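Structural overview for review
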Amino acid sequence: MKKLLLATILLGTAFVAQAKDITFAMEPTYPPFEFTNEKGEIIGFDVDIANALCKEIQANCSFKSQAFDALIQGVKQKRFDASISGIGITEARQKQVLFSEPYFESSAAFIAKKGSDFSKAKTIGVQNGTTYQNYLLKEKTNFEVKAYASFQDALLDIQNGRIDAIFGDIPVLVDMINKTPGLDFIGEKIDNKAYFGNGLGIATNKSNQALVDEFNKALATIKANGEYQKIYDKWMTAK
């Protein structure tokens, strides 16, 4: 009986520990939201937000690299617990996964070589599988859209004249401009509510409402206690 009781206690303890481990998937070539440092670690705004949330719900975070256009499918198939990777909350995605409350407001813009004439732009680079790609394909049909798995390849192409501009999330573009001399914003900021009005959210499987509830409660806490602002200032304040 004692052995049986001990086994039951150990099994229960193991289950609790397992339930507190949360694996987040992300596409880590998207600074300042997520990118890989010289040690091979995934760091960035999204990583710090996830760690802050996990601290509040007393969970252990780990982070897994995944192509952006495979994140929603991975959540649906339960290959990881959640995804935090600059994912815009859209109606189409909400039919497939659950989202937390928005943790970041999203807006979009174009960048190009300094002095470029935007009226002559023809080919626009964008990350594959993103809301930004969807916007261009549906709303800007005058452009030829070239999709990239990573913005690093888009940067090479714009520098070499193979594309005329890059379209994406403003903080990501600011990071590109800061690190790539000769690039600047071009055209107008875009706040089309049909595509970018719902902000960025953490995606989870539709069966995981309890985890979403924990994320939402923790997000409200870190916004109230100032931790969110510290993380924002660390990654989003223009240097």
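For the structure, check the block above.
A brief report on the enclosed structure follows. All values reported here derive from a predicted model rather than from experimental measurement.

Moving on to the state of the cysteines. For the coordinates displayed, the defined rule picks out 1 disulfide. Covalently, Cys54 is tied to Cys61 through a disulfide, its sulfur atoms 2.1 Å apart. Given an S-S torsion of about 90°, the disulfide between Cys54 and Cys61 has right-handed geometry. For Cys54, a relative accessible area of 2% gives the class buried. Classification of Cys61 as partly exposed rests on a relative accessible area of 22%.

Once that is clear, we can look at the sheet that holds strand β10 (residues 144-148). Spatial strand order, β10-β9-β11-β8-β12: 5 strands in an open sheet with mixed pairing. Two strands in the sheet have a free side with no partner beyond their single neighbour: β10 and β12 (183-190). The sheet shows a mean angle of 30° between the axes of neighbouring strands, taken without regard to direction. Examined bridge by bridge, strand β8 (residues 108-113) and β12 share 5 bridges and lie antiparallel to one another. From the neighbouring strand, Phe110 faces β12, where its bridge partner is Ile186.

Let us now look at the packing of helix α2 (residues 45-56) against helix α10 (residues 227-236). In a packed pair of helices, the relevant descriptors are the angle between the two axes and the axis-to-axis distance. In the contact formed by α2 and α10, the axes pass within 9 Å of each other and the chain directions differ by 165°. Classified by the angle their axes make, α2 and α10 are roughly antiparallel. Two packed elements cross with a definite hand, and for α2 against α10 that hand is right-handed. Facing α2, whose interface residues are Phe45, Asp48, Ile49 and Ala52, α10 presents Glu227, Tyr228, Ile231, Tyr232, Lys234, Trp235 and Met236. Looking at the contact of α2 with α10, its residues break down into 8 nonpolar, no polar and 3 charged.

Here the focus is the pattern of salt bridges. In this structure the tally under the stated criterion is 5 salt bridges. The residue Asp175 makes a salt bridge to Lys179 at a minimum N-O spacing of 3.1 Å. Pair noted here: Asp175 and Lys179 are both in helix α7 (residues 170-179), with a separation of 4 residues, about one helical turn. Measuring nitrogen to oxygen at the nearest pair gives 3.9 Å for the salt bridge that ties Asp191 to Lys189. The class for Lys189 is exposed, based on a relative accessible area of 52%. One network of salt bridges, in which partners are shared, links Lys146, Asp157 and Arg162.

Most often, soluble globular proteins have nonpolar side chains that are buried together. Grouped together as the largest cluster of nonpolar side chains are 62 residues, with contacts concentrated most on Phe24, Phe45, Phe110, Ile166, Phe167 and Phe215. In terms of residue count, α2 provides more of this core than any other element does, 7 residues in total. Residue-level mapping places this core at the junction of two domains, with at least three residues from each of domain 1 (20-104 + 198-237) and domain 2 (108-196). Residue contacts for Phe45: discarding those within four places in its chain leaves Pro32, Phe33, Tyr103, Phe104, Tyr228, Ile231, Tyr232, Trp235 and Met236. Among the nonpolar cores identified, the runner-up in size contains 11 residues, and Phe68, Phe80, Ile87 and Phe99 belong to it.

What follows concerns the environment of Met236. Among the structural elements, Met236 can be located in helix α10. With 118 residues separating them along the chain, Met236 and Phe118 place their C-alpha atoms 26 Å apart.

In this structure, Asp169 sits in strand β11 (residues 165-169). Buried and without a salt bridge, Asp169 has Lys189 as its closest oppositely charged side chain, separated by 9.0 Å. One polar contact links Asp169 to Tyr132, side chain to side chain, over a distance of 3.3 Å. Setting aside its immediate chain neighbours within four residues, Asp169 contacts Tyr30, Phe33, Ser106, Ser107, Tyr132 and Leu200.

Sheet architecture is open: 3 strands sit in the order β2-β3-β4, paired in antiparallel fashion. This sheet does not close on itself; its edge strands, each paired only once, are β2 (29-30) and β4 (42-43). Pairing of β2 with strand β3 (residues 34-36) involves 2 bridges; the strand directions are antiparallel. Paired with Thr29 across the two strands is Phe35, which belongs to β3.

Conventions and cut-offs
- Residues numbered from 1 in each chain as written.
- Predicted model: local features only at pLDDT ≥ 70, side-chain atom pairs only at ≥ 80, totals over all residues.
- Heavy atoms only, no water.
- Disulfide = S-S within 2.5 Å.
- Buried < 20%, exposed > 50% of the residue type's maximum accessible area, 1.4 Å probe, protein only.
- Pairing = 2+ DSSP bridges.
- Helix = DSSP H or I, 4+ residues; strand = E, 2+ residues; numbered from the N terminus.
- Axes fitted to C-alpha atoms, helices over the stretch in contact; angles between N-to-C directions.
- Parallel < 35°, antiparallel > 145°, perpendicular 65-115°, else oblique.
- Left-handed = near helix turned anticlockwise from the far one by under 90°.
- Contact = heavy atoms within 4.5 Å.
- Nonpolar A, V, L, I, M, F, W, Y, C, P; charged D, E, K, R; others polar.
- Salt bridge = Lys/Arg side-chain N within 4 Å of Asp/Glu carboxyl O.
- Core = buried A, V, L, I, M, F, W, Y, C linked by side-chain atoms within 4.5 Å.
- Domains from an automatic or database assignment.
- Lys, Arg positive; Asp, Glu negative; His and termini not counted.
- Polar contact = N/O pair within 3.5 Å; in protein donor to acceptor, adjacent residues only side chain to side chain.

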